[in-house]
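# Descriptive structure summary
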Amino acid sequence: MASASPPRRRTKREWILPTYTGLVIAYLLIPIVVMMLFGFNDYPGKFNFVWEGFTLEHYRNLFRIPELTQALRNSLVIAAITSVVATTLGTLIALALTRFSFRGRSSLNLFIFIPMATPEIVLGVSLLSMFVAVQFARGFLTVLIAHIMFSISYVVVTVKARTSGFDRSLEDAARDLGADGWTTFWTVTFPLILPGIAAGGLLAFVLSFDDYVVTAFNAGATITFPLWIYGASRFGIPAQVNVMATLIFLLGVAYVVISLLRERRRSAAPDPTGA
Amino acid sequence: MNDFDRIMSGISPRAVPRREMLRRIGIGAGGASMAGLLAACGVEGESEQPAAKGKDPLSTAKVAGELNFANWPAYIDKAKGGSPTLEQFEKATDIDVQYKEVINDNLSFYATIREPLASGQPVQWDLIVVTDWLIGKMADLGYLEELDHSKLPNFTKNAGAIYKDPTYDPNNAHSVPWQSGITGIAYNRELTGREITKTEDLFDPAFEGQVGMMTEMRDTMNLVILSMGINPEEATLEDARAAQEKLLKQREDGILRQYYGNDYVQPLAQGDLALCMAWSGDVLGKTLGSDSKVDFIVPEEGGMLWTDCMAIPQDAEHPVDALEMMNFVYQTDVAAQMTAWINYISPVPAAKPILAKANDSYTRQVADSPLVFPSKDMESRLHSYKNLDPEEEEEWNDLFNEVIEG
Amino acid sequence: MALEAQGRSAPEPPEPPSDRAGGARKGRRGLAPYLLTLPGVAWLVAFFAAPLGFMFLFTFYDGTIDIGYSFTSDWPQTYVEAFTTYDTQIIRSVIYALIVTVATLLISFPMMYWIAMKGGRRKNLFVLLLLLPFFTPFLIRTLAWQLVLSDQGIFLGTLKDIGLLSADFKLLASPLAVISGMTYNFLPFMALPLYVALEKLDPSLLDAAADLYSSKREAFLKVTLPLTLPGVFAGSLLTFIPSIGDFIDAEILGNPNTTMIGSIIRRQLLVNQDYPTGAALSFLLIASILVAVFLYARALGTEELTG
């Protein structure tokens, strides 16, 4: 346990950093607050930038704009598929990297890292170049391909963080008790690395849902949520966008709250893995 | 490299060597058989109907019941989440219309269909609306279907005389006008503090950081050339260079805030812009009404008159359905209904009296507005874009790109 | 703690009887790791590495879609022309990215230091709070800033009405707005690696420094900073590299004089469809990044890249 010093009054100087942190966090939230606020704005016409009055109508008529709804749906579907595929592929790689020692392992580590370090625009442009050269039409499928591509690395890194600190003795114990490799994996290993996989899946989902640049180059006629917003931003974004973004944000908040609660509950209970 | 060579030339199988390309342009709108050309290039016959690309492609084809229509935003009448014109069309013809407002800029849109057109693949659109100069360019490249005017009686009957046989598309072989418009200046009276009357005002240092210009090369360059006292239709490359210098200075001095496609309306309304280049119909609604702060003017030195036209991309899947739409919107009552909402210049002169008799005052004001039905005096101040041949176009584009690319 | 660590690396348990796949064998099951990594690696090769190759090949070609592309032996000209035409934008992008990297570092270091060292049990909560705004799409955040900072908007408009600001004061459409926007959007990219590095810092080292009579400042400079350098390096990379290619902030918050190289590349590819030039510019961008990273790595004296 950390040094159990008795609580003492903070001196004035020690308030500087926490206050600073608080201010920064507040600053970070300004656009979010604005976004949420204008989801309730009762604005005439097309331009939602002056506060006119409070209304819930945008919440009631959330799906009034068919193209926006379609774009949202596209984004959700693409993100879901991306998440599943990228997480699967990435987890496999992460497992291989941390549990085996094989030739090419460090090169593979580097290779996985490079897409994360490449500017999105280069990723988008290169994919477009290839699709154009082989005359593969851009659309839903190319967006999916692109999203899975850039998500894999992030999943690998996330899952690796969980699997590399993994205590093998648990697996050995299982095997000592007579379980074979497969069973060991599914009953012991997998549940323990599941949080890491889930985190990786969530990360892939968010990255895919949010993506603008790579998608813009490879979407053809398909419209995703960010693409629609970018197009509409020049003409006045309807408040429905604010509402949708607010709801998604609240989902994120809920996730954070739940995981924090779970962590608190877990730290109260004895931890078998010692992780 | 050899394999890649094959892949690369596969991008445009019809145009392998440049000579072939020029030959095709020479044949151009005359309608030589594509299948014949392809055979000459040694490419096996395409899968789609080669006969349809012959001289009278559309007279024999049938209505398919579906129409994919690409257009600019706010370019068709809207009411209650739908469009009266489209709904009436669907009811009258039983054709299901997929109407998508995906065009925000001529070149950007052209970029999305250029590849399939160049390589003979089907384009997803049956009907598109692009500006006159692009019509001319696409027609020259063989990218547009030839129209069967026997299916367009309303056009023949109702279109104004100046819209028939325009220079960019002789005999309306490939297009018919959708709406015309004027490029001028829109300004916020409160923010400018004074009346704006000339293009030169766009270069006034007093409006530092509050001026908007357009990303459309022809609009911007031609308007500036006019402000230098030169007739755009006679402008030379030297004039273009002078215009470019003026624009560069405007940007470098910080007078210019941003270059806009058709998205200047929000910044103008929001107060980020005091004055900007604008298209007549976009702002008309805002200028009518007693409490309006926004005005649209045709500059003293002159404004531009352009025409956006309907055309059918080559290899479109439902070309005859497109023809039906073309014909439908030339009915006088439909044309009036559209213009009442769109506020651009209708190619159907007979729409004016219909609008003048409307019930609501807004529509009557629209009928009265010289921006929608230009007077002779107004017309004298309007000019057409200079016709640029491909070489000139590249030079002007290079000059202009230097300006907008910062 | 050291003893515990020792205990962990006690001799490996004897080889268990069952010897099937899925276990942690060292080099025995030659195929297993390769099979596991195959699908993912294949995907990356096909859709990350190969496209880069295609993009590279494009720079050797010349032409347009309408007339077809043909190999040109004059291909260096493409690069030269691309660089000389757009050198302003390339340099501008590098400079903005550098400023943003430094800014995010300066802003997040104190914050993450406090959270990691003094956050106590609520550490994770603070980190999550920090990340919360980034649950909304980046476009929306940037557009919200455009709204907040608009000339006559809530913030500036009010100040102007009171008379605190002159009527033509503006924040938007300026390099400041662009850099501020970018700093905002890339903050987590710097903050998280810093946090990870700071969190791993062993407080007993600082105790030891104190025992050896070093001042707080000295301890910071001689102990904390060097140990967190890998985090600084990682954070800088993860911030600098995406920033240099970012163009959305510049488009929404800037003016034509703040155009980033990303915008140019986008225009070349999606509007002009000049693939050779667009590809050449992309490679020039990559080259700038590699040069910058290399110089930076040399300066810091660390080769730790993947961590």
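Every chain's residues receive numbers from 1 upward, in the order its sequence appears when written. Chains and ligands are labelled sequentially in the order written, the chains with letters from A and the ligands with numbers from 1. Confidence filtering applies because this is a predicted model: local features only for residues at pLDDT of at least 70, side-chain atom pairs given and counted only at 80 or more, and all residues used for totals across whole chains, interfaces and linings. Neither water nor hydrogens contribute to the side-chain values; these are computed over all heavy atoms in the structure.

Turning our attention to the overall build of chain C. Counting secondary structure elements, chain C contains 13 helices and two strands. Buried residues in chain C amount to 49% of all 307 residues. Sequence separation of 24 or more characterises 68% of the internal contacts of chain C that already satisfy a separation of 6 or more. As displayed, chain C has an accessible area near 14600 Å², and 66% of this comes from carbon and sulfur atoms. Numbering goes from the N terminus for both helices and strands, where a helix is a DSSP run of H or I of at least four residues and a strand is a run of E of at least two. When a residue's accessible area, from a 1.4 Å probe over protein chains only, is under 20% of the maximum for its type it is buried; when over 50% it is exposed; and in between it is partly exposed. Contacts are assigned to residue pairs that have any heavy atoms within 4.5 Å of one another. For the area figures, the Shrake-Rupley method with a 1.4 Å probe applies, and any residue is considered shielded solely by the protein chains shown.

Take the overall build of chain A next. In terms of regular secondary structure, chain A is built from 11 helices and zero strands. Going from the N terminus to the C terminus, chain A shows its helices and strands as α-α-α-α-α-α-α-α-α-α-α. With the radius of gyration taken over C-alpha atoms, the globule rule is written as 2.2 Å times the number of residues to the power 0.38. Taken over the C-alpha trace, chain A has a radius of gyration of 23 Å; the compact-globule value for 275 residues is 19 Å, which it surpasses by more than 25%. Viewed in the frame of its principal axes, chain A has a C-alpha envelope of about 70 × 65 × 35 Å. Here chain A holds 275 residues, and the buried ones make up 49% of them. When contacts within chain A are restricted to residue pairs at least 6 apart in sequence, those whose partners lie at least 24 apart make up 70%. As displayed, chain A offers around 13200 Å² of accessible surface, 66% of which is attributable to carbon and sulfur atoms. Averaging the locations of the 22 positively and 15 negatively charged side chains of chain A gives two centres separated by 5 Å. None of His or the chain ends enter the tally, which takes Lys and Arg as positive and Asp and Glu as negative. For charged residues, the charge sits on one atom: NZ in Lys, CZ in Arg, CG in Asp, CD in Glu.

With that settled, consider the nonpolar core. Nonpolar cores are built from buried Ala, Val, Leu, Ile, Met, Phe, Trp, Tyr and Cys residues. Side-chain atoms within 4.5 Å join them into one set. Formed by 275 residues in total, the largest nonpolar core has its most connected members in Trp178 and Met213 of chain B. Non-local contacts of Trp178 of chain B, meaning those with residues more than four positions away in its chain, are made with Phe69, Asn71, Tyr75, Ile76, Val129, Asp308, Cys309, Met310, Val329, Met338, Ile342 and Pro347 of chain B.

As a further point, take the domain arrangement of chain A. You'll often see interface size given as the accessible area lost when the parts meet. Along its sequence, chain A is carved into domain 1 (7-40) and domain 2 (76-239). What marks off one domain from the next here is an automatic or database domain assignment. Computed over C-alpha atoms, the centres of domain 1 of chain A and domain 2 of chain A are 33 Å apart.

Residue and element names in this part refer to chain B. If you trace the backbone, Asp308 turns up in strand 9 (residues 303-311). Residue class for Asp308 comes out buried when judged on its relative accessible area of 4%. The spacing of Asp308 and Ile128 is 180 residues in sequence and 9.8 Å in space, taken between C-alpha atoms. Throughout this description, a polar contact denotes any pair of N or O atoms lying within 3.5 Å of each other; where both atoms belong to protein, one of them has to be capable of donating a hydrogen while the other can accept it, and for residues adjacent in sequence the pair is counted only when both atoms sit in side chains. At a separation of 2.8 Å, a polar atom in the side chain of Asp308 contacts the side chain of Thr131.

Tallying the contact residues gives 77 residues for chain C and 80 residues for chain A. Between chain C and chain A, a total of about 7500 Å² is buried, with carbon and sulfur atoms accounting for 81% of that surface. Criterion for a salt bridge: a side-chain nitrogen of Lys or Arg within 4 Å of a carboxyl oxygen of Asp or Glu. Scanning the region where chain C abuts chain A turns up zero salt bridges. Along the contact surface separating chain C from chain A lie five residue pairs in polar contact (both at pLDDT 80 or more). The greatest single-element share of the side of chain C that touches chain A, amounting to 20 residues, is contributed by helix 2 (residues 31-58) of chain C. Using a 1.4 Å probe, buried area is obtained as the accessible area two parts lose upon being combined, added over both of them.

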